[in-house]
Each structure stands twice: as C-alpha cells, then as structure tokens.
Amino acid sequence: MYQRVHLCANLLWFDLVLGYIYLYQQQYEQALAEIERGVALAPTEAVSYAALAEVLSRVGRSEDALEAAAQALRLQPFIIADEHLAHVGSAYAVAGRYEEARAALQRYLSHYPNMLSHHLTLAVVYSELGQTAEARAEAAEVLRLNPQFSLEVHRQRLPIKDPAVLERQLAALRKAGLK
C-alpha cells in the first residue's frame, strides 16, 4: 500500500510541475490537461486543487477557478494550508476578488517573504483596491528582490491567456510604480 501511495504522490508532483511548465510556456490546453491529471490522481489533495485554481484562472475560467480554490480550502483549511494560499490568492486576484486574494497572499507572504511573483500579485491587488501606499510598498519589495525587474520582461513571461486581463494586471503594476 505504501508503495502505491508513494507512486501516486510522485505522479501528482510530476503532473503539477509539468502543468506549470506548460503554463509558463503559454501552452494553456496542455497545462490544464496535466493539472487535471494531477487532480484525478489525487482528488483529496489540496495542492492539486490549488494548482487547478491557478491554471483555470490564467486561462480565463474564473468561476471554475474559484470552485477549485474553495475545494482546496475545504480539503486543507487556512490554519494548515499556508503553502497553498499563493495559488488560491492568485486565482482570486485574476477573478477580481481582491479582498479574498489579499488575505490569502498576505498570509502566504508572512511565511514565504521572498517570493517575487506573489509580491507582484499582491501589488496588483492593492492597486486594484485603490490602496496606493500598499501597492507601492509591494513594488518596492519586488525591486528589492529583483533590482533589474522589467514590466516588459514580465509581460512576456506572465502566463495569462486573455490579453485584456494581462493588460489590466500590467496597468495595475504601473500604477504601483513598476516600469
């Protein structure tokens, strides 16, 4: 039994990692297929639903992403799910649910303060909420972590399928003071 569980766990991580590779290569259908395969392998693991939430949000399926995020939180609530909150927070942010995104991302970053991409997402969230000082503070964190940060490079790497959503996020980052 242990070997079977161990094999499923390894396959889950393989599918999730491969899904993220496809996502960042902007091969959205392949990314979603790999993540869904991970969910099928481990339907009781919060991490699989958190990854699904993030990928669904990036391909423009916000409602499905929010359902997956809710499932991740049901399987492993906030008290013990801090490592999953980054994906859940990202899904909320892309869906425009900024208050929920803020709470998840703040909690995640309190434990993992050097995660550049999540400071970027939190800068977007604060900017969209009209919290300029907080957005600028997150932009300062981004620049502390990567003094060479460029919005143009970020645009090329940010895996968001819908150009309107991508432009909205970039505009929010500009408003936060990033160039």
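All of these numbers come straight from a predicted model, not from anything done at the bench.

**Student:** How do you make sense of the environment of Leu178 when you look at a structure like this?
**Tutor:** Here Leu178 lies in the segment after helix 10 (163-175). Leu178 sits 92 residues away from Ala86 along the chain, and the two C-alpha atoms are 21 Å apart. In contact with Leu178, other than residues within four places in its own chain, are Leu120, Ala139, Val142, Leu143, Phe149, Leu151 and Leu173.

**Student:** How should I be thinking about unusual backbone geometry in this particular structure?
**Tutor:** Most peptide bonds take the trans form, and the phi angle of most residues other than glycine is negative. Unlike most non-glycine residues, Gln26 shows phi in positive territory, near 60°. Residue placement: Gln26 occurs in the loop between helix 1 (2-24) and helix 2 (28-41).

**Student:** Mind showing me how you'd approach the confidence of the model for the chain here?
**Tutor:** A low pLDDT score tells you not to read the predicted coordinates there in detail. Of all residues in the chain, 92% attain a pLDDT of 70 or more, and the chain-wide mean is 91. Confidence drops under pLDDT 50 across residues 1-7; counting only partners more than four residues distant or on other chains, this segment forms 0 contacts.

**Student:** What exactly am I supposed to notice about the side chain of Ser48 here?
**Tutor:** Within the element layout of this structure, Ser48 appears in helix 3 (residues 46-58). Given the relative accessible area of 0%, Ser48 is considered buried. A distance of 2.7 Å separates a polar atom in the side chain of Ser48 from the backbone oxygen of Glu45. If near-sequence neighbours (up to four positions away) are discounted, Ser48 is found in contact with Leu12, Leu16, Ile35, Gly38, Val39 and Ala42.

**Student:** Even after reading the chapter, I still don't get the nonpolar core, so can you show me in this structure?
**Tutor:** In summary, soluble globular proteins display a tendency toward joint burial of nonpolar side chains. Membership of the largest hydrophobic core comes to 56 residues, with the highest contact counts inside it found for Ile35, Leu52, Val88, Tyr92, Val125, Leu173 and Leu178. Among the elements that line this core, the one with the most residues is helix 3, at 8 residues. Setting aside residues no more than four positions away along its own chain, Tyr92 makes contact with Leu66, Ala69, Leu73, Arg97, Glu100 and Ala101.

**Student:** Would you mind going over helix 4 (residues 62-75) with me for this structure?
**Tutor:** Because each turn of an α-helix spans 3.6 residues, side chains separated by three or four positions in sequence point in the same direction. Over its 14 residues, helix 4 extends 20 Å from the first C-alpha to the last, a length consistent with the 20 Å expected when each residue adds 1.5 Å. When we look at burial in helix 4, the residues that qualify are Ala65, Leu66, Ala68, Ala69, Ala72 and Leu73. All buried residues of helix 4 project into a common sector of 160° when viewed along the axis, lining one side. Set apart from the buried face of helix 4 by more than 90 degrees, the exposed residues are Glu63, Glu67 and Arg74. Residues of helix 4 that are buried make contact with helix 3 and helix 5 (85-94).

**Student:** Got a minute to help me understand the packing of helix 7 (residues 116-128) against helix 10 in this structure?
**Tutor:** In a pair of packed helices, the angle between the axes and the distance between the axes together describe the arrangement. Direction vectors running N to C along helix 7 and helix 10 enclose 80°, while the axes themselves pass 8 Å from each other. Accordingly, the angle class assigned to the pair helix 7 and helix 10 is roughly perpendicular. Each of Leu120, Ala123, Val124, Ser127 and Glu128 in helix 7 lies in contact with helix 10, whose residues at this interface are Arg168, Gln169, Ala172, Leu173 and Lys175. Split by residue class, the contact of helix 7 with helix 10 holds 5 nonpolar, 2 polar and 3 charged.

**Student:** Even after reading the chapter, I still don't get the pattern of salt bridges, so can you show me in this structure?
**Tutor:** Any two side chains of opposite charge can pair, given that their charged atoms come close. Applying the stated rule across the entire model yields 10 salt bridges. Among the ionic pairs, Lys161 bridges to Glu29, the shortest N-O distance being 3.0 Å. Taken as a pair, Lys161 in the loop between helix 9 (151-157) and helix 10 and Glu29 in helix 2 lie far apart in primary sequence, 132 residues in all. Looking at Lys161, the relative accessible area reads 41%, which means it is partly exposed. When its relative accessible area of 54% is taken as the criterion, Glu29 is described as exposed. For Glu100, the salt bridge goes to Arg97, with nearest N and O atoms at 2.7 Å. Of the residues examined, Glu100 reaches a relative accessible area of 32% and is grouped as partly exposed. Residue Arg97 is classed as partly exposed on the basis of its relative accessible area of 33%. Taken together, the shared-partner salt bridges connect Glu152, Arg155 and Glu167 into one network.

So, how was this worked out
- Residues numbered from 1 in each chain as written.
- Predicted model: local features only at pLDDT ≥ 70, side-chain atom pairs only at ≥ 80, totals over all residues.
- Heavy atoms only, no water.
- Helix = DSSP H or I, 4+ residues; strand = E, 2+ residues; numbered from the N terminus.
- Contact = heavy atoms within 4.5 Å.
- pLDDT = per-residue confidence, 0-100.
- Buried < 20%, exposed > 50% of the residue type's maximum accessible area, 1.4 Å probe, protein only.
- Polar contact = N/O pair within 3.5 Å; in protein donor to acceptor, adjacent residues only side chain to side chain.
- Core = buried A, V, L, I, M, F, W, Y, C linked by side-chain atoms within 4.5 Å.
- Expected span 1.5 Å × (residues − 1).
- Arc of directions from axis to C-beta.
- Axes fitted to C-alpha atoms, helices over the stretch in contact; angles between N-to-C directions.
- Parallel < 35°, antiparallel > 145°, perpendicular 65-115°, else oblique.
- Nonpolar A, V, L, I, M, F, W, Y, C, P; charged D, E, K, R; others polar.
- Salt bridge = Lys/Arg side-chain N within 4 Å of Asp/Glu carboxyl O.

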